[in-house]
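# Topology and contacts: notes
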Amino acid sequence: MIKLTLNVLLVLLVGLNNLCYAVEAGNAMPSCKVTSLDKSINKDIQKYKGKVVYVDFWASWCGPCAHSFPFLNELHQKLRDKGLQIIAINMDENTDDAMGFLEKTPANFEVVSDSTAQCAKDFDVKAMPSSFLVDRQGIVHKVHFGFRQEDTQELFQLVEKLLAQK
Amino acid sequence: MQAQLLFSRFIKCFCIGLILSLLGCSSVQPWERGTLAKPQMALDPYPLQSAIRAHNYSSREAGASSAAGQGGGCGCN
């Protein structure tokens, strides 16, 4: 009886630990569904396979997210023609918060919503903002937590390097 | 025999208690911290004011023990 109970406990603990698998560099980009902010369009982010994809999880209450948007705008403006697709996945519980944020901090790139938080769970987002840089084959090359101005140069160069690969 | 029965009951109760307590715990995911990020949710709503007050207090309050180890009372340390 005791043995059985201990076994059940062990299985429970191991099960709890393995609920999430983090997406790391070298892993394939998970398949998950996002919607447009007005919930009218549903799409799978796998749709962008073949492009270099910059997946960015953000929220209106997150300070560094606001600082990251000008950089993402710059990336989008300079590299979209070479095959870069930025997907900024909003994690606000209330879409109006996101709309208010976007009025103050305009985004020229694609902004979508993950109202079920399935994408955030699949990517195992550990911080806000979190960015995942995915190559044309759908393999994650860089996982970046937070936003610091001094990292932008490195990110920019990495995006350019991935764009150069066919 | 009696002791074994008691032990087995204890383990059962412990497990049930553990499972029930686990139900009460839920971790807040990074993307769920919108409400926690609001200023009114901060433990200290005015951190700058608190820091200045603590600074003055430690300089001027000679009778206090732990906070009075520094300064000569001018508030400039």
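In this report, we go over the structure that sits alongside the text. Given the structure is predicted, the values throughout are model-derived calculations rather than measurements.

The description of an aromatic ring pair uses the distance of the two centres, along with the angle that the planes make with each other. All names here are of chain A. In this structure the tally under the stated criterion is nine aromatic pairs over all chains. With centroids separated by 4.8 Å and ring planes inclined at 35°, the aromatic side chains of Trp 58 and Phe 101 adopt a geometry described as tilted. One end of the pair, Trp 58, is in strand 3 (residues 52–58); the other, Phe 101, is in helix 3 (residues 95–104), and 43 residues separate them in sequence. Of the two residues examined, Trp 58 and Phe 101, each falls in the buried class. Summarising the aromatic geometry, the rings of Phe 123 and Phe 132 are spaced 4.7 Å apart at their centres and angled 50° between planes, so their arrangement reads as tilted. Given the relative accessible area of 1%, Phe 123 is considered buried.

Here we come to the packing of helix 2 (residues 63–79) of chain A against helix 5 (residues 152–164) of chain A. All names here are of chain A. Across the interface, helix 2 lies against helix 5 with an axial gap of 12 Å and an inter-helix angle of 30°. Relative to helix 5, helix 2 is oriented roughly parallel. For the pair helix 2 and helix 5, the crossing hand works out as right-handed. Facing Phe 71, Glu 74, Leu 75, Lys 78 and Leu 79 of helix 2, the residues of helix 5 in contact are Thr 152, Leu 155, Phe 156, Val 159, Glu 160 and Leu 163. Residue composition of the contact of helix 2 with helix 5, by class: seven nonpolar, one polar and three charged.

On to the pattern of salt bridges, then. Residues and elements named next belong to chain A. Under the counting rule described, the total for this entry stands at six salt bridges over all chains. Two residues, Asp 124 and Lys 126, come together in a salt bridge whose shortest N-O distance is 3.1 Å. We note a salt bridge from Asp 151 to Arg 148, for which the minimum N-O separation is 2.9 Å. For Asp 151, a relative accessible area of 16% gives the class buried.

About the cut-offs
- Residues numbered from 1 in each chain as written.
- Chains lettered and ligands numbered in written order.
- Predicted model: local features only at pLDDT ≥ 70, side-chain atom pairs only at ≥ 80, totals over all residues.
- Heavy atoms only, no water.
- Phe/Tyr/Trp six-rings, centres within 6.5 Å; stacked < 30°, edge-to-face > 60°.
- Helix = DSSP H or I, 4+ residues; strand = E, 2+ residues; numbered from the N terminus.
- Buried < 20%, exposed > 50% of the residue type's maximum accessible area, 1.4 Å probe, protein only.
- Axes fitted to C-alpha atoms, helices over the stretch in contact; angles between N-to-C directions.
- Parallel < 35°, antiparallel > 145°, perpendicular 65-115°, else oblique.
- Left-handed = near helix turned anticlockwise from the far one by under 90°.
- Contact = heavy atoms within 4.5 Å.
- Nonpolar A, V, L, I, M, F, W, Y, C, P; charged D, E, K, R; others polar.
- Salt bridge = Lys/Arg side-chain N within 4 Å of Asp/Glu carboxyl O.

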